[in-house]
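# Residue-level structural notes
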Amino acid sequence: MTNYSAFELLRHAVSGRPWSRAWRNPEPKSQYDVVIVGGGGHGLATAYYLAKEFGIRNVAVLEKSHIGSGNAGRNTTIILANYLLAGSTEFYGHSQKLWDTLSSELNFNVMFSPRGQILLLNSSEDVDGAVRRSNIMLRHGIEARLLDRAAMQKLVPHLDYRPTARFPIWGGLLQPSGGTARHDAVVWGYARAASQLGVDIIQNCEVTGFLRDGGRITGVETTRGRVLSKKTAMAVAGHTSQLGEMAGLRLPIESHLLQAFVSEPLKPLLDHVIDFVSHGQFYISQSDKGGMVFGGDLDMYNSYAQRGNLPAVRDVASLAVSLMPCLGRVRLVRHWGGINDMTMDGSPIISKTPLEGLYLSGGWGYSGFKATPASGWCFSHLIARGENDRLSAPFSLDRFARGATIDEAGTGPIPRLH
């Protein structure tokens, strides 16, 4: 769409004239080559790469609300690639490379900030594990640097380094290329770029059922009418199991609430993203507006809620103050919840389903936002070519039947599926 000069930006700001749309707002057509259910980062990225890389442009992205209204707008925007196991390391390493050039790729500033991500080490066992993890990262071309206690104090002086600290700090594992991006900008950038290539982005269009011809999915029923498609793709983080049930699928996924928080704005305090997983789950960074953005563990019960609760507030606040005592008098502005699709091994699914013509990207757990570019890249390949590429092959749905799970404990705690 329109690229504005500085003069044009000023003229629009003072004239009161309406801005042109960043992406088209078409009515849904009766038939598409591909229908993607879900207008978050993953669905829009898939549509963009389908159009750009494979020339498939008769594509619709269907979103029940406005784009980015689900988990894309309910996360802490952390980007990293410090995974441990084969499959995960290659996939998230590729995603990191795509993040590095995403703003220029989309011609839209996604505000990617490679400020560096540090995994705290709180015991000799943590240090031993970090040595192994860093070697694996380096082997796959991902930057990694081990930090001792003195180096940590220099980089992040506001942590509690006292010998009597609740969680003594032995050091850290730094991924210099890790960081954050602006979640809204990522969604808007992919939406605009996909729309420019001919993709229809249909908002306020909820899928209510699937159309079938025997064992084949031929389209969807929506609140805006029936839409036929040669191929249908699900990318609905948080509600994957519900949508799958509409198609008659029972998926190895449970949904859990994950809460996050933001404080009042502060002067620059924290330059890096800090992760703590030794005795719980905690992560924190400082936003461009100055707010401290942080979160903790899953609520360990099944839920589709997007609201918080006091036990989680207490738990996360306790970890925050234990690790950074200077936050003790800082006021919280708000907190929110996102719905996490958790698989039994903590790794995602990018796969065909048992129903012909139906494809699935889901089960992203803690890793959805950071995986956005690689998810779209790999899912578009699967849809266009009918088979997984090298990076996504380990994440096929049948791995659970084959016993080839990817138990990536580094992604955080994994709830037990019933």
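Residues numbered from 1 in each chain as written. Predicted model: local features only at pLDDT ≥ 70, side-chain atom pairs only at ≥ 80, totals over all residues. Heavy atoms only, no water.

Most peptide bonds take the trans configuration, and most residues that are not glycine carry a negative phi. Residue Thr 77 is not a glycine yet carries a positive backbone phi of 60 degrees. Residue position: Thr 77 is located in the loop between strand 2 (59-62) and strand 3 (78-79). Of note in the backbone geometry, Met 111 takes a positive phi value of approximately 60 degrees without being a glycine. Taking relative accessible area as the criterion, Met 111 reaches 35% and is therefore assigned partly exposed. (Helix = DSSP H or I, 4+ residues; strand = E, 2+ residues; numbered from the N terminus. Buried < 20%, exposed > 50% of the residue type's maximum accessible area, 1.4 Å probe, protein only.)

So, on to helix 5 (residues 124-139). Between the first and last C-alpha of helix 5 there are 23 Å, a value that for 16 residues agrees with the 22 Å anticipated at 1.5 Å per step. Looking at the buried residues of helix 5, the elements they touch are helix 3 (88-100), strand 4 (117-121), strand 5 (145-148) and strand 6 (171-175). Immediately downstream of helix 5, the backbone of Gly 141 shows phi near 75 degrees, a positive value. (Expected span 1.5 Å × (residues − 1). Contact = heavy atoms within 4.5 Å.)

The tally for this structure, following the rule as stated, stands at 13 aromatic pairs. Ring geometry for Tyr 49 against Trp 377: centres 5.5 Å apart, planes inclined by 70 degrees, an arrangement best described as edge-to-face. With Tyr 49 in helix 2 (residues 41-54) and Trp 377 in helix 10 (residues 372-385), this pair connects stretches of sequence that are 328 residues apart. Residue classification places Trp 377 among the partly exposed positions, given a relative accessible area of 29%. (Phe/Tyr/Trp six-rings, centres within 6.5 Å; stacked < 30°, edge-to-face > 60°.)

Topologically, Ala 320 is positioned in helix 9 (residues 310-323). Ala 320 sits in the buried class, given a relative accessible area of 4%. Taking the C-alpha atoms as reference, Ala 320 lies 9.0 Å from Gly 295; in sequence the two are 25 residues apart. In this view, Ala 320 contacts Phe 282 and Leu 327; residues no more than four positions away in its chain are not counted.

Attention shifts here to the pairing of strand 11 (residues 225-234). The sheet contact formed by strand 1 (residues 31-37) and strand 11 spans six bridges and is parallel. Bridge pairing in strand 11 links Val 37 to Met 234. With four bridges joining them, strand 10 (residues 216-222) and strand 11 adopt antiparallel strand pairing. Bridge pairing links Glu 221 to Arg 226 in strand 11. Joining the antiparallel neighbours strand 10 and strand 11 is a turn of two residues. Here strand 11 runs beside strand 18 (residues 358-362); their pairing, made up of three bridges, is parallel. Following the sheet pairing, Thr 232 is matched in strand 18 by Leu 358. (Pairing = 2+ DSSP bridges.)

At their nearest, the axes of helix 2 and helix 7 (residues 183-196) sit 9 Å apart, and the two run at 30 degrees to each other. With respect to helix 7, the element helix 2 is oriented roughly parallel. Here the hand of the crossing between helix 2 and helix 7 comes out left-handed. Between helix 2 and helix 7, the contacting residues are Gly 41, Leu 44, Ala 45, Tyr 48 and Tyr 49 on the first element and Val 187, Tyr 190, Ala 191, Ala 193 and Ala 194 on the second. Counted by class, the contact of helix 2 with helix 7 contains nine nonpolar, one polar and no charged residues. (Axes fitted to C-alpha atoms, helices over the stretch in contact; angles between N-to-C directions. Parallel < 35°, antiparallel > 145°, perpendicular 65-115°, else oblique. Left-handed = near helix turned anticlockwise from the far one by under 90°. Nonpolar A, V, L, I, M, F, W, Y, C, P; charged D, E, K, R; others polar.)

Okay, the environment of Leu 257 next. Secondary-structure assignment places Leu 257 in strand 12 (residues 253-263). Separated by 83 residues in the primary sequence, Leu 257 and Asn 340 have C-alpha atoms spaced 6.1 Å apart. Not counting the four nearest positions on each side in its chain, Leu 257 is found in contact with Leu 298, Asp 299, Ser 303, Ala 305, Gln 306, Arg 307, Asn 309, Gly 337 and Gly 338.

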